[in-house]
Structure formats: C-alpha cells, structure tokens
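Chain by chain, the residues:
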Amino acid sequence: VFNSSNVEAVVSTQSTGERVEPVSKRPDDGAFFQQRLPAWKPVVNIHTTIPVFAVIGLLMIPIGLLLITTTGSVKEARVDYTTCGECETKTQDDCYCAIEFELSSKFSGRAFHMYYGLEGFYQNHRKYATSRSDKQLRGYPKYRDDSCEPFESDTTSETGETNADFYYAPCGLIANSMFNDTFQLDWISKTASDGTVIEINKKINFTRKGISWPSDHGIKFRNPAGADLVAAFNGTTKPPDWTKYAWELDPEDASNNAFLNEPFIVWMRVAAFPTFRKLYGRVQLDLNPELEGGLEQGKYRLTINYNYPVMYYHSKKFFVLSSTSIFGGRNLMLGVVYLVVGVLLAILAAVFACVVKKDLKSCFGR
C-alpha cells in the first residue's frame, strides 16, 4: 500500500547520509487485506458429500431419460450426395445435381431443420481452429492478425512480399474453407390411402435467418460501423477460395452480409469431432401453407448446387432433414451423459452411506 510518509522518510535519510530503509509493501492490517472477513467455509467430508451426490444424481437420471425419450421421437432423413452426378470430377464453376428420397412416415411439427454434414473434416485441428482473427470479426476488416496465417494477406507481388493493401477479410483457414453448397428441396408426390400416387411438385420454402447462436450474432461477429460495407472493406480482398466478396454473400438481404452473414457465423463455430453437421436452414409451416401439420410421407427431391470438393481428401458430405423436439434436434449423447453421470453419482452416494455405517456387507447383501 502506498504511503507518502514512507517516501518522505526515505528522502530525508538519503539527505543525511543514513542507511536507507526499503519501503514496506506489506498490506494494511485490516480485515479485508488480511482476509479476516466473515465467510462461509463449508467442510467437505463424507457426511456432506452423500446428500449432494444423491440429490444431483436423482435429478440427472430423470433429465437423461427425458432427453433420450424426446430424442427417440425425432425423425431424420439422411442423404449422402458425395458422388452426386459427376460434379466432383467436373471443372466448371456451377454444377447441379438432384437426388430423390422418400419419407417413410410423416414428420409432424411446426418447424424442421435442414443440416449439411461432413465426414473426415478435422475442424478441431489446432492450426485450423486458431487460424482466425476475433478482432477482425468484431467489425475491423483491416485489422492485421498473424494468427490468420497462411491466409492473412494476398501476396500478389512477384517478389512474394506481403501487399499491405490487400488483407483477406475475413482471414484465416476457417473462413477460407467455408462450406458453399446450396440446396433446394421439392415435394414431388405422396401416396394416398388407397395406394395411388398423387403428383405434388411443390417447392419447400425455408429460411436461413436465425440459424446462428444469439451469443455470436452481433456480439462476437459485427460489421463495421456505417451502412456502406463496400467502403468499409476497401483495401481488403476476399479469401482465395471464395467466389464472392464478404459484402456480396446475400444479395437478397443487405443485413445478412459480411461478418453478420448467418451461414458464415455457423461455419466459423468449429466442430469438436471430424464427423459433424451444421444447421443449414429451417423449414417452417408458415412459409409452406400447403403443408398440413408437417412434412407428409412421400417422395422428395434434393437439388444441390455442388461447389464444395471433398473427394480429394477422402471425405464425405451429406444432407439431413430432421424433425424437432422441445430440446431441438436429435442429440442422443446429451441424454446418455446425463443418465450415466446421474447413475454414477447415485451409486457413489449409496457406497459412501455404507462406508459411514461401516457395514458394507449388509449394504451389498452379503
């Protein structure tokens, strides 16, 4: 603690030639600085652990069962389109292919999720996961960040020197490898109760708004101040594997461009495992008045604008159409984790109770 009297004493002793005493850094002798304030200090022992384990375990077991039950009610249709047509081997920019699939039962509900998925894509690799600039993504497109290497700036000069006027926005490996396949879903036909096939040929409308986390959109990801994004990104360039600039990602919605583009935000949240799927869009009944209570049983067609290559690194990609529950999409792992942890805590509580009784044989029926 700074004390002016101590400084004055040191100065006076220096002028008289006496030995200089060091300034004391010891905190004041008060309850706050000496950590003597009243506090609750629970004693952790076997007697306090038993009720805590028992209560938490008994709460987690029914939650896990509820999660598993609701997950079991979620219906999914998965379509692997890795080798769709000959798009993977063609060199033109736009390649379209179509795959037909059937829903064997009706998907009931008011909203349905559309996912794209990749297998063997290691977003969790350390070099990949750290190749981004969080400062840039918060609305500073010209911010230079060495962590974006090897996609920090465009080296267009013949000598290979960095051109400071052309930093990638967004920069980094994650942004450069953004998923860019697009989908169109059509309802082709349905089968009546008497077995006759009824032609429908209706386009299923969906929205790509609201697919990113609220904690990301507008907080971790923000656009530069001002309405003119072209001017704000002046002096930057698009990542090398992009076909559009950041302000051109959504030509139909000006507010869904640059760093606030929701598909881009979804992609930037890296997956923990090499096989993953990410939310592509939501099918809502208010956008499809011809749907009555859900997606009917029948035949559907998925049309893909095939842009994202995966075969050269022996990966696969797939499309998932899923119904939802009160907890969202299918997530069996979460329910299993709750159930397993709850059972383990309940068993530990029972074992500790037997230890307190010092009668393990009677507890285990021996």
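Whatever comes next refers back to the structure up there.
This report concerns the structure included in the present document. Note that the structure is predicted; figures quoted are calculated from it, not measured.

This part is about unusual backbone geometry. Residue Glu 149 is joined to Pro 150 through a cis peptide bond whose omega torsion reads 10°. Position of Pro 150 relative to the elements: it lies in the loop between helix 4 (134-137) and strand 5 (167-168). Even without being glycine, Ala 258 reaches a positive phi, approximately 60°. Ala 258 sits in the buried class, given a relative accessible area of 1%.

Cysteine pairs can be covalently joined through their sulfur atoms, and such a bond is termed a disulfide. The tally for this structure, following the rule as stated, stands at 2 disulfides. Across the disulfide, Cys 84 is cross-linked to Cys 97 (sulfur-sulfur distance 1.9 Å). The chirality of the disulfide connecting Cys 84 with Cys 97 is right-handed, given an S-S dihedral of about 130°. With Cys 84 in the loop between strand 1 (76-80) and strand 2 (96-103) and Cys 97 in strand 2, this residue pair connects regions lying 13 residues apart in the sequence. Across the pair, Cys 97 and Cys 84 agree in class, each one buried.

A word on the environment of Ala 227. Here Ala 227 shows up in the loop between strand 7 (197-204) and helix 6 (229-232). We classify Ala 227 as exposed; its relative accessible area is 81%. Through-space distance from the C-alpha of Ala 227 to that of Ser 255 is 9.5 Å; in sequence the pair is 28 residues apart.

With respect to the helices and strands, Asn 257 occurs in the loop between strand 8 (236-237) and helix 7 (262-268). Residue Asn 257 is classed as buried on the basis of its relative accessible area, which comes to 4%. Linking Asn 257 and Ala 246, residues 11 residues apart in sequence, is a C-alpha distance of 6.5 Å. When neighbours within four sequence positions are excluded, Asn 257 is seen to be in contact with Asn 223, Leu 229, Ala 246, Trp 247, Glu 248, Leu 249 and Asp 250. Within the structure, Asn 257 has its side chain in polar contact with the backbone oxygen of Asp 253 (distance 3.4 Å).

Most of strand 12 (residues 316-322) is tucked away, with 6 of its 7 residues classed as buried. Direction of pairing for strand 1 relative to strand 12: antiparallel, over a ladder of 5 bridges. Along strand 12, the bridge assignment pairs Glu 76 with Ser 322. Bridge count for strand 4 (residues 111-119) against strand 12 is 7 bridges, and the pairing is antiparallel. Directly across from Tyr 116, in strand 12, lies its bridge partner Phe 319.

Read across the sheet, 4 strands follow the order 1-12-4-9 without closing on themselves; strand pairing throughout is antiparallel. Edge positions in the sheet fall to strand 1 and strand 9 (276-284), since each of these pairs with one other strand and no more. The mean inter-strand angle of the sheet, taken between neighbouring strand axes irrespective of direction, is 20°. By the bridge criterion, 8 bridges tie strand 4 to strand 9 in an arrangement that is antiparallel. From the neighbouring strand, Gly 117 faces strand 9, where its bridge partner is Arg 277.

What counts and what doesn't
Residues numbered from 1 in each chain as written. Predicted model: local features only at pLDDT ≥ 70, side-chain atom pairs only at ≥ 80, totals over all residues. Heavy atoms only, no water. Helix = DSSP H or I, 4+ residues; strand = E, 2+ residues; numbered from the N terminus. Buried < 20%, exposed > 50% of the residue type's maximum accessible area, 1.4 Å probe, protein only. Disulfide = S-S within 2.5 Å. Contact = heavy atoms within 4.5 Å. Polar contact = N/O pair within 3.5 Å; in protein donor to acceptor, adjacent residues only side chain to side chain. Pairing = 2+ DSSP bridges. Axes fitted to C-alpha atoms, helices over the stretch in contact; angles between N-to-C directions.

Nothing here speaks to function; it is geometry throughout.
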